[in-house]
Amino acid sequence: TNLTPSKALLAREECDMLVLTSKPGKESSVFQIDIERGQVISEWKFVKDNVEVPMMDIYADTKKSQMEPCQTFMGLNDNHLCQWDTCVARGMVHVMSSPM
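In this report, we go over the structure that sits alongside the text. (Residues numbered from 1 in each chain as written. Predicted model: local features only at pLDDT ≥ 70, side-chain atom pairs only at ≥ 80, totals over all residues. Heavy atoms only, no water.)

**Digging into the pattern of salt bridges**
The tally for this structure, following the rule as stated, stands at 4 salt bridges. Note that Arg-12 and Asp-16 form a salt bridge whose closest N and O atoms lie 2.9 Å from each other. Judged by relative accessible area, which is 27%, Arg-12 ranks as partly exposed. Note on Asp-16: relative accessible area 1%, which makes it buried. Taking the shortest distance from any N to any O, the salt bridge between Asp-34 and Arg-37 comes out at 3.3 Å. According to the relative accessible area criterion, Asp-34 is buried, its value standing at 9%. Among the residues examined, Arg-37 registers a relative accessible area of 53% and is labelled exposed. (Salt bridge = Lys/Arg side-chain N within 4 Å of Asp/Glu carboxyl O. Buried < 20%, exposed > 50% of the residue type's maximum accessible area, 1.4 Å probe, protein only.)

Encoded structure:
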């Protein structure tokens, strides 16, 4: 898969990279890439009411989480702040803020 990252974040003790892309049709996807193998190992989408919603930004839970085995990260768009867990098949585990 050819990806053009709009945002990248190191994760899991710098063994993985989480990537947002601006590729048409993939704007709502967060990709997990194994850096050592150079392969996409997971893709998650944020879906609300059966509609894919693009994530505008991803960031680490804490200042040091990129260097720790932490499996969670935060996602942000215009209306939602959510926590993602790379160990959960569906990815997103908690919507922390929503206007409705």
